[in-house]
Amino acid sequence: EARNGMEAFASAAIALQIINMASLFQSQVDRSFRTPIFKAIESQSNHELVTVIKQYVMYSTIPIIFGCFFLYYTSGFVGEVLFPTGYSGLVSSLEILSLIPFSVNMIRLGDALYTGTHKNKINMIITLIAVSMLVFFTLILRDEPIESYLIVLVVVHFFHGLVSVLLGFKHLTFLTSKIVK
């Protein structure tokens, strides 16, 4: 706050609240999908896993994508209603952060895949790399506007989710072994 002012502090607080809201929603999604994902992985059933992943995408990922668009396109209205005059930068922060719920959704799918394959150490390494990148970029962007940091936060968060899902599927060796046969 002392370095960039109250607006920067409020932007960071909003970022954390968006991540928190997305995580709360995602916790409910996890209750419904983690067990079926685990069972499909344990039984090494391509059909079962594809069915569960399709349902996951249909009932959680697609609604979250629509929510991200909604958050992005209504951020101006939300800014006018919720933020006092003089905090117009918070609207741009909200626009930048609108992708965070989608990233949380991907990260949690990756978590489920790693847990199901008992590869939690790989997941922890991916998370450690993402956190290290955030710390590194925070130090580099020390005197930059808060929007620069928020963009880096969103990009690192997005790539954390993308790498988690892609490598998570890569560790499902039964998917490729049955295709090769």
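Above this text sits the structure in question.
Residues numbered from 1 in each chain as written. Predicted model: local features only at pLDDT ≥ 70, side-chain atom pairs only at ≥ 80, totals over all residues. Heavy atoms only, no water.

A few words on the overall build of the protein chain. Secondary structure assignment for the protein chain yields seven helices and zero strands. For the protein chain, the sequential pattern of α-helices and β-strands runs α-α-α-α-α-α-α. Here the protein chain holds 181 residues, and 40% of them are scored as buried. A fraction of 78% describes how many contacts in the protein chain between residues 6 or more apart in sequence connect residues 24 or more apart. Surface summary for the protein chain: the accessible area is close to 10700 Å², and the carbon and sulfur share equals 68%. (Helix = DSSP H or I, 4+ residues; strand = E, 2+ residues; numbered from the N terminus. Buried < 20%, exposed > 50% of the residue type's maximum accessible area, 1.4 Å probe, protein only. Contact = heavy atoms within 4.5 Å. Areas by Shrake-Rupley, 256 points an atom, 1.4 Å probe, with all protein chains shown as cover.)

Turning our eyes to something else, we now look at the environment of Ile14. Within the element layout of this structure, Ile14 appears in helix H1 (residues 6–43). Judged by relative accessible area, which is 14%, Ile14 ranks as buried. For the pair formed by Ile14 and Ser93, sequence separation is 79 residues and the distance between their alpha carbons is 8.1 Å. Once you skip the residues sitting within four places of it in the chain, Ile14 turns out to touch Phe83, Leu90, Leu94 and Leu97.

What follows covers the packing of helix H2 (residues 46–82) against helix H4 (residues 100–116). A pair of packed helices is captured by two measures, namely the crossing angle of their axes and the spacing between those axes. Following both chains from N to C, one finds H2 and H4 inclined at 160 degrees, their axes separated by 8 Å at the closest point. For the element pair H2 / H4, the angle class is roughly antiparallel. Across the interface between the two elements, Ile53, Tyr56, Ser60, Thr61, Ile64, Ile65 and Cys68 of H2 pack against Pro101, Phe102, Asn105, Arg108 and Leu109 of H4. (Axes fitted to C-alpha atoms, helices over the stretch in contact; angles between N-to-C directions. Parallel < 35°, antiparallel > 145°, perpendicular 65-115°, else oblique.)

The next thing to look at is the nonpolar core. Proteins that are soluble and globular tend to have nonpolar side chains buried together. Ranked by internal contacts, the top residues of the largest apolar core, which has 21 residues, are Ile14, Ile18, Leu97, Ile100 and Leu150. Listing elements by their share of this core, those giving two or more residues are H1, helix H3 (89–97), H4, helix H5 (120–140) and helix H6 (146–170). In terms of residue count, the dominant contributor to this core is H6 (six residues). Phe33, Met106, Leu113 and Leu172 belong to the second largest nonpolar core, which has 19 residues in total. (Core = buried A, V, L, I, M, F, W, Y, C linked by side-chain atoms within 4.5 Å.)

Take the packing of aromatic side chains next. Within the structure shown, the criterion is met by six aromatic pairs. Ring centres of Tyr72 and Tyr73 lie 5.0 Å apart, and the angle between their planes is 90 degrees; this geometry places the pair in the edge-to-face category. Taking relative accessible area as the criterion, Tyr73 reaches 63% and is therefore assigned exposed. An aromatic cluster is defined as three or more aromatic residues linked by ring pairs; in this entry it consists of Phe69, Tyr72 and Tyr73. (Phe/Tyr/Trp six-rings, centres within 6.5 Å; stacked < 30°, edge-to-face > 60°.)

Glancing now at the environment of Lys170. Topologically, Lys170 is positioned in helix H6. Given a relative accessible area of 62%, Lys170 falls into the exposed group. Separated by 57 residues in the primary sequence, Lys170 and Leu113 have C-alpha atoms spaced 9.8 Å apart.

Taken together, the side chains of Val57, Met58, Tyr59, Ile62, Ile65, Phe66, Phe69, Tyr72 and Tyr73 make up a nonpolar region of the molecular surface, amounting to roughly 960 Å² of accessible area. Mapped onto the secondary structure, Phe69 falls in helix H2. Overall, Phe69 belongs to the partly exposed group, its relative accessible area being 46%. (Patch = residues over 30% accessible without salt bridge, like charges linked within 9 Å, V, L, I, M, F, W, Y side chains within 5 Å. Salt bridge = Lys/Arg side-chain N within 4 Å of Asp/Glu carboxyl O.)

This part takes up unusual backbone geometry. Excluding glycine, residues mostly have negative phi values, and the peptide bonds linking residues are mostly trans. In the Ramachandran plot, Gln44 falls in the positive-phi region, its phi being about 55 degrees despite a non-glycine side chain. Topologically, Gln44 is positioned in the loop between H1 and H2. One non-glycine residue, His118, adopts positive backbone phi at about 60 degrees. Along the chain, His118 turns up in the loop between H4 and H5.

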